[in-house]
Amino acid sequence: MLSAGQASDKAAVEALIDGLKPAEALVADRGYDARAVIDMVEARGGRAHIPTQRDRKVQRSIDPAIYRQRNVVERYFCKLKHFRRIATRFDKLARNFLAAVLLASTRLWLRAYESRT
């Protein structure tokens, strides 16, 4: 799902969760720490592994092993942003932007499998 660049992450969370298959766990960063998001995940039979914002009085505990796996996704997005066209959101149409993301993802995938000799 593609949202506006200036929109909050929490604004699109309902559509993102509705598009997923029911799972045991949903891992997200502190930006998604809202009671409504956690309730939505629990209503679908899952458990939210979302760290609590630091300014909250009651801190939730999360499984560090599960939360650590989120790093793989973060590294992918970091590599994806090295492509100028994607980092600056050069394309105006969503379909063109998606095509650029797919091409860059393919290039990143091929880079992992290309011969080193």
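## Considering unusual backbone geometry
Excluding glycine, a negative phi dihedral is what most residues carry, and trans is how most peptide bonds are arranged.
Step number 1: Even without a glycine there, the phi angle at arginine 89 is positive, about 55°.
Step number 2: Turning to its location among the elements, arginine 89 is positioned in the loop between α5 (84-87) and α6 (94-113).
Step number 3: Here arginine 89 falls in the partly exposed class, since its relative accessible area comes to 30%.

## Quick look at the nonpolar core
Step number 1: Val13, Ile17, Leu26, Ala28, Tyr32, Ala34, Val37, Ile38, Val41, Ala48 and Ile50 form the largest nonpolar core, which has 11 residues in total.
Step number 2: At the level of secondary structure, the elements contributing two or more residues to this core comprise α1 (13-18) and α2 (35-43).
Step number 3: Residue contributions to this core peak at 3 residues, all from α2.
Step number 4: Not counting chain neighbours up to four residues away, the residues in contact with valine 37 comprise Val13, Ile17, Tyr32 and Ile50.

## A look at the side chain of aspartate 91
Step number 1: Among the secondary structure elements, aspartate 91 is positioned in the loop between α5 and α6.
Step number 2: The buried category is assigned to aspartate 91, whose relative accessible area is 8%.
Step number 3: Reaching out from aspartate 91, the side chain makes a polar contact with the side chain of arginine 85 at a distance of 2.9 Å.
Step number 4: Ignoring any residue separated from it by four or fewer positions in sequence, one finds aspartate 91 in contact with Arg85, Asn96, Phe97 and Ala100.

## Observations regarding the confidence of the model for the protein
Step number 1: For the protein, the average pLDDT comes to 84, and 97% of its residues sit at 70 or higher.
Step number 2: At the level of individual helices and strands, the protein shows its lowest average pLDDT in α1, which scores 81, and its highest in α6, which scores 91.

## What to know about the packing of aromatic side chains
Step number 1: Counted by the stated rule, this structure contains 1 aromatic pair.
Step number 2: Centroid distance tyrosine 76 to phenylalanine 77: 5.3 Å. Interplanar angle 65°. Geometry classified as edge-to-face.
Step number 3: Given a relative accessible area of 31%, tyrosine 76 falls into the partly exposed group.

## What to know about the side chain of threonine 52
Step number 1: With respect to the helices, strands and loops of the structure, threonine 52 is situated in the loop between β2 (47-49) and α3 (64-68).
Step number 2: When residues no more than four places from it in sequence are discounted, the contact partners of threonine 52 are Arg30, Asp33, Val58, Gln59 and Arg60.

## Focus on α6
Step number 1: Given a rise of 1.5 Å per residue, 20 residues ought to cover 28 Å, and the 29 Å separating the end C-alpha atoms of α6 matches this to within 8%.
Step number 2: Buried residues belonging to α6 abut α4 (70-80) and α5.

## Topic: the environment of leucine 20
Step number 1: Turning to its location among the elements, leucine 20 is positioned in the loop between α1 and β1 (25-27).
Step number 2: Remark: the alpha-carbon pair of leucine 20 and glutamine 59, spanning 39 residues in sequence, is separated by 27 Å.
Step number 3: Every residue in contact with leucine 20, bar those within four places of it in the chain, is listed here: Leu26 and Arg44.

## Here we look at the pattern of salt bridges
Where charged atoms from two side chains of opposite charge come close, those side chains can pair.
Step number 1: Per the stated rule, a full pass over the model turns up 7 salt bridges.
Step number 2: Put simply, arginine 56 and aspartate 33 hold a salt bridge, and the shortest N to O gap is 3.2 Å. Here aspartate 33 lies in the loop between β1 and α2 and arginine 56 lies in the loop between β2 and α3, a separation of 23 residues in the sequence.
Step number 3: A relative accessible area of 38% places arginine 56 in the partly exposed class.
Step number 4: Relative accessible area serves as the criterion here: at 1%, aspartate 33 is assigned to the buried category.

How each quantity is defined
Residues numbered from 1 in each chain as written. Predicted model: local features only at pLDDT ≥ 70, side-chain atom pairs only at ≥ 80, totals over all residues. Heavy atoms only, no water. Helix = DSSP H or I, 4+ residues; strand = E, 2+ residues; numbered from the N terminus. Buried < 20%, exposed > 50% of the residue type's maximum accessible area, 1.4 Å probe, protein only. Core = buried A, V, L, I, M, F, W, Y, C linked by side-chain atoms within 4.5 Å. Contact = heavy atoms within 4.5 Å. Polar contact = N/O pair within 3.5 Å; in protein donor to acceptor, adjacent residues only side chain to side chain. pLDDT = per-residue confidence, 0-100. Phe/Tyr/Trp six-rings, centres within 6.5 Å; stacked < 30°, edge-to-face > 60°. Expected span 1.5 Å × (residues − 1). Salt bridge = Lys/Arg side-chain N within 4 Å of Asp/Glu carboxyl O.

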